[in-house]
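# Remarks on the overall topology
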Amino acid sequence: MDDLARGVEAALFAAEEPMSAEALAGFLGDAPLAEIRSSLRDLAEHYSERGIRLVERGKRWHFQTAPDLAHLLRRESERTRKLSRAATEVLAIIAYHEPVSRAEIESIRGVQTSGGTLDVLMEAGWVKIAGRREAPGRPTIYATTPEFLDHFGLSTRRDLPGIDELRATGLLDPVEEAYDALIGDDEVVDPDDEDESGLEEGGRSEA
């Protein structure tokens with residue numbers, strides 16, 4: 001392993017957050033970007049069979065525990081609940097259509113969407129405000145985050161299931177079912193299951 005690869009390894013090990021190749025190049029004294037990317041690929045291969053892996057999520061790199069060893073690090077099982085129907089629909093729409101405004105989300109869902117639903121997704125770290133649409137009123141637009149990609153094991157949004165994959169699973173509703181196809185049995189705490197943002201099986205209107 002050459003000095004540049006060792007420097008990349010050390011920088012990622014010490015970093016508090018995932019780093020892009022560009023950030024690493026700057027951190028390492030404006031090292032050539034092509035060489036940084038080559039070092040990242042070499043390191044990812046080096047760690048591919050070890051207890052930790054070097055992975056890329058949303059064009060940012062970080063170390064994580066090898067998936068088959070994760071159970072060794074769990075000291076206690078966490079109590080989780082499924083996201084509400086409203087939240088799963090909104091997350092699926094954002095993932096497949098981002099960047100998207102609240103009005104556009106409501107147009108696809110056919111029902112008003114409470115700000116509480118978006119708050120739940122932003123508190124989970126999976127959705128962020130991505131700016132404003134250059135349109136009358138300049139509405140806020142939303143997009144998924146690198147944490148969303150990391151949680152669901154996606155390198156980029158291109159890894160989301162396509163329509164053919166969804167059809168192969170027998171799923172008919174791309175809004176309600178795409179999210180389930182994406183996460184399988186994964187669950188996350190939704191603190192407001194009783195109200196609109198946590199509405200499970202109630203009516204389609206949202207206060």
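Before any of the text, the structure's been laid out above.
Source: prediction; values computed, not measured. Within each chain, residues carry numbers counting from 1 in the order of the written sequence. With the structure being a predicted model, the display of local features is reserved for residues of pLDDT at least 70 and the display and counting of side-chain atom pairs for 80 or more, all residues being used for whole-chain, interface and lining totals. Side-chain metrics in this entry use all non-hydrogen atoms of the structure; hydrogen atoms and water are not considered.

### Considerations on the sheet that holds strand β1 (residues 19–20)
Two strands pair under a simple rule: DSSP has to find at least two bridges between them. A run of H or I in DSSP counts as a helix once it spans at least four residues, and a run of E counts as a strand once it spans at least two, with each numbered from the N terminus. Pairing is antiparallel in the open sheet, where three strands are placed in the order β1-β3-β2. Either end of the sheet is taken by a strand with one partner, and the two such strands are β1 and β2 (52–57). Bridge count for β2 against strand β3 (residues 60–65) is six bridges, and the pairing is antiparallel. In the sheet register, Arg57 faces β3, and the bridge partner there is Arg60.

### What to know about the side chain of His62
Looking at the element boundaries, His62 is found in strand β3. A relative accessible area of 14% places His62 in the buried class. Definition of a polar contact: a pair of N or O atoms within 3.5 Å, with one able to donate and the other able to accept a hydrogen when the atoms are protein atoms, and with sequence-neighbouring residues admitted only if both atoms are side-chain atoms. Within the local environment of His62, its side chain forms a polar contact with the side chain of Asp150, the two groups lying 3.4 Å apart. We call two residues in contact whenever any of their non-hydrogen atoms come within 4.5 Å of each other. Residue contacts for His62: discarding those within four places in its chain leaves Pro18, Arg53, Leu54, Val55, Arg57 and Asp150. Throughout, exposure labels follow a simple rule: accessible area from a 1.4 Å probe, protein chains only, divided by the maximum for the residue type, with under 20% read as buried, over 50% as exposed, and the rest as partly exposed.

### Side note on the packing of helix α1 (residues 3–14) against helix α3 (residues 33–46)
Axes here mean lines fitted to C-alpha atoms, for a helix over just the part in contact, with angles spanning 0 to 180 degrees between N-to-C directions. Running from N to C, α1 and α3 point in directions that differ by 75°, and their axes come no closer than 9 Å. Between α1 and α3, the crossing angle belongs to the class labelled roughly perpendicular. Counted together, Leu4, Ala5, Val8, Glu9 and Leu12 of α1 and Glu35, Ile36, Ser39, Leu40 and Leu43 of α3 form the full contact between these two elements. Note on residue classes: Ala, Val, Leu, Ile, Met, Phe, Trp, Tyr, Cys and Pro are nonpolar, Asp, Glu, Lys and Arg are charged, and everything else, Gly too, is polar. Tallied by class, the residues present in the contact of α1 with α3 amount to seven nonpolar, one polar and two charged. Should an angle lie under 35 degrees it is considered roughly parallel, over 145 roughly antiparallel, and from 65 to 115 roughly perpendicular; all remaining angles are considered oblique.

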